[in-house]
Amino acid sequence: MKKIVTVYWIFTGLLAALMAFGSIPDILSVPEAVALFDHLGYPAYLLPFIGTAKLLGVIALLVPGLPRIKEWAYAGFTIDLAGAMYSSIAVGDPASGWLVFFIGFGLIAGSYIFHHRKLQGQATKSHSLL
């Protein structure tokens, strides 16, 4: 069980860092983020909304409990990355830029899988104590 928890926190910590570092420029509407959104054809007013949603998702993953909200955070991160990757492909960005998306999807998958393994281990442990 300790190994599962350790691997879970490695994936979740890296995912939280990736999403948190991506959310701050969006929330602040820094010029680079605005330029990227413009390149993708999106209005800049969406930046703070998406950045805030990502930051709330990070908080949801890191706060103990809240199982249903964690599920929504995982879904939101997946939709965010899928939309960003699709947008990048649609505007003709080179495939060399896709690595960050695959890393993000891998972190989401790893965190999600080990989150559920951790929950199963806790349920088994509490069931065996009864």
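Residues numbered from 1 in each chain as written. Predicted model: local features only at pLDDT ≥ 70, side-chain atom pairs only at ≥ 80, totals over all residues. Heavy atoms only, no water.

With that settled, the discussion passes to the UniProt feature "transmembrane region" (unreviewed entry) in the chain. Here the UniProt-annotated "transmembrane region" (unreviewed entry) positions come out as residues 7-24, 44-63, 72-89 and 95-115. Within the segment residues 44-63, helix and strand shares are 85% and 0% respectively, and the terminal C-alpha atoms sit 30 Å apart. (UniProt positions renumbered as here; feature names shortened; annotations may be inferred. Helix = DSSP H or I, 4+ residues; strand = E, 2+ residues; numbered from the N terminus.)

Let us look at the pattern of salt bridges. Across all of its chains, the model carries 1 salt bridge by this definition. Two residues, Lys54 and Asp26, come together in a salt bridge whose shortest N-O distance is 3.1 Å. Taken as a pair, Lys54 in helix 3 (residues 46-62) and Asp26 in helix 1 (residues 2-28) lie far apart in primary sequence, 28 residues in all. The exposure classification of Lys54 matches that of Asp26, with both residues buried. (Salt bridge = Lys/Arg side-chain N within 4 Å of Asp/Glu carboxyl O. Buried < 20%, exposed > 50% of the residue type's maximum accessible area, 1.4 Å probe, protein only.)

Another aspect to go through is the environment of Ala90. Structurally, Ala90 is set in helix 4 (residues 67-90). Accessibility expressed as a relative area gives 54% for Ala90, which makes it exposed. Separated by 50 residues in the primary sequence, Ala90 and Leu40 have C-alpha atoms spaced 8.3 Å apart.

Glancing now at the layout of surface pockets. One number sums up the size of the largest pocket: a volume of about 970 Å³. Looking at the lining of the largest pocket, the elements with two or more residues in it are helix 1, helix 2 (31-40), helix 3, helix 4 and helix 5 (99-129). In terms of residue count, the dominant contributor to the lining of the largest pocket is helix 4 (12 residues). (1 Å grid on protein atoms, 1.4 Å probe; cavity = no way out; pocket = protein on both sides within 12 Å on 5 of 7 lines; lining within 4 Å. Points joined across faces, edges and corners; volume = space filled by probe spheres on them.)

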